[in-house]
Amino acid sequence: SDPGANRMQILINDLLALSSVGRGHRAHELVDVSELAAEARSFLSDAFDAADATLVLKDLPVLRGDRALLRSVFQNLIGNAVKFRGPDRPVIRIEAHRDGGHWELSCVDNGIGIDPQYAERIFVVFQRLHSRDAYPGTGIGLAMCRKIVEYHGGRIWLDTDCANGTRIRFTLPISEAGER
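To keep things clear, this report deals only with the structure shown in the data block. Chains are numbered independently. Their residues run from 1 in the order of the written sequence. Per-residue local features of the predicted model are confined to residues with pLDDT of at least 70, and side-chain atom pairs are confined, for both listing and counting, to 80 or more; whole-chain, interface and lining totals are unaffected and use all residues. As a rule here, side-chain values cover all heavy atoms of the structure and leave hydrogens and water aside.

Let's shift gears to helix H4 (residues 67–83). Helical geometry note: an α-helix holds 3.6 residues per turn, so side chains three or four residues apart project in the same direction. Here H4 contains 17 residues, and its C-alpha end-to-end distance of 24 Å stays within 8% of the 24 Å for a straight helix at 1.5 Å per residue. To sort residues, take the accessible area from a 1.4 Å probe on protein chains only and compare it with the maximum for the residue type: under 20% means buried, over 50% means exposed, and anything in between is partly exposed. For helices the rule is a DSSP run of H or I covering at least 4 residues; for strands it is a run of E covering at least 2, with both sets numbered from the N terminus onward. Where burial is concerned, most of H4 is hidden: 12 out of the 17 residues are buried. Taken residue by residue, H4 has Arg67, Leu69, Leu70, Arg71, Ser72, Val73, Phe74, Leu77, Ile78, Gly79, Ala81 and Val82 as its buried positions. Whenever two N or O atoms come within 3.5 Å, that pair is a polar contact, provided that in protein one can donate a hydrogen and the other can accept it, and provided that, for residues adjacent in sequence, both atoms are side-chain atoms. Capping the start of H4, Asp66 holds a side-chain oxygen 3.1 Å from the backbone nitrogen of Ala68, two or three residues further along. Every helix has an expected span of 1.5 Å times one less than the residues it contains.

Let's shift gears to the pairing of strand E4 (residues 91–99). By this definition, two strands are paired if DSSP reports at least two bridges between them. Of the pairings in the sheet, the one linking strand E2 (residues 54–58) to E4 comprises five bridges and is parallel in character. Its bridge partner being in E4, Leu57 is matched across the sheet by Ile94. Connecting E4 to the next strand, strand E5 (residues 102–109), in antiparallel fashion are two residues, including Gly100 with a positive phi near 60°.

Criterion for a disulfide: a pair of cysteine sulfur atoms at a distance within 2.5 Å. Using the criterion set out here, one finds zero disulfides in the structure. Unpaired in this structure, Cys145 has its nearest cysteine sulfur neighbour in Cys107, at a distance of 9.2 Å. A residue is classified by how much of its surface remains accessible, and Cys145, at 0% relative accessible area, is buried.

A separate point is the environment of Ile122. Here Ile122 shows up in the loop between E5 and helix H5 (141–151). Assessed through its relative accessible area of 8%, Ile122 is described here as buried.

This brings us to the environment of Val21. Mapping Val21 onto the fold places it in the loop between helix H1 (3–20) and strand E1 (29–32). Owing to a relative accessible area of 9%, Val21 belongs among the buried residues under this scheme. Between the C-alpha atoms of Val21 and Lys147, which are 126 residues apart in sequence, the distance is 7.1 Å. The contacts of Val21, once residues within four sequence positions are left out, are Leu69, Met144, Lys147, Ile148 and Tyr151. The contact criterion used throughout is that any non-hydrogen atoms of two residues lie within 4.5 Å.

Now for the packing of H4 against H5. Helix packing for two helices is described by the angle between their axes and how far apart those axes are. Working convention: axes come from line fits to C-alpha atoms, limited for helices to the stretch in contact. Angles between N-to-C directions cover 0 to 180 degrees. Put simply, H4 and H5 touch, their axes get as near as 9 Å, and they point 145° apart. Here H4 and H5 pass one another in a crossing that is left-handed. Two secondary-structure elements touch here, H4 through Leu69, Leu70, Ser72, Val73, Asn76, Leu77 and Asn80 and H5 through Gly141, Leu142, Met144, Cys145, Ile148, Val149 and Tyr151. Of the residues in the contact of H4 with H5, the class split is 10 nonpolar, four polar and no charged. Whether a crossing is left-handed or right-handed is set by the direction in which the near helix is turned from the far one by less than a right angle, anticlockwise for left-handed and clockwise for right-handed. In this classification, Asp, Glu, Lys and Arg are treated as charged, Ala, Val, Leu, Ile, Met, Phe, Trp, Tyr, Cys and Pro as nonpolar, and every other residue, Gly included, as polar.

Turning our eyes to something else, we now look at the sheet that holds E4. Overall, mixed pairing links the five strands, which are arranged E2-E4-E5-E7-E6 in an open sheet. Edge strands, defined here as strands with exactly one partner in the open sheet, are E2 and strand E6 (156–158). With direction set aside, neighbouring strand axes in the sheet form an average angle of 15°. Both E6 and strand E7 (residues 167–173) contribute to a ladder of three bridges, which runs antiparallel. What sits directly across from Leu158, in E7, is Ile168. Packed onto the sheet, H5 meets E6 and E7 and runs at close to 25° relative to E7.

Listed below in structure tokens is the structure:
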């Protein structure tokens, strides 16, 4: 099969997914974030196992949202951490703490990191920092994460104070019904 056509199909699918975020008005439900992260990891199991990666989940909440969309945030973040790994075995930590009316979550890895000058650019569609040959992908993942997080009433950003690897932080509203 033609790799260019194949890549175009993946790109179209990613763009359709991006444009449909928040349009479906699917019911929001209580979701256990540690379950979502585990599901995302199992979707990525081939790449994850090939990289001999480790996922550490800590103090993750139950919150209200669109399960499939939120899972795709974790899938993108975990997938990036595995893809942009450094010389060491990837270790990815996802943790959360309360901050006023929001949960603040973070995904931290020990990979190649992102230069702080690109802190905004990485969330823009098609803004690739590397050649497609070096790291495959459509350049839509983090734009998708931003759209999903904002649709849920939160925000997402690159923590530019992370010395080693990458730390992406994002907020999601607390659902009182989901309190542990």
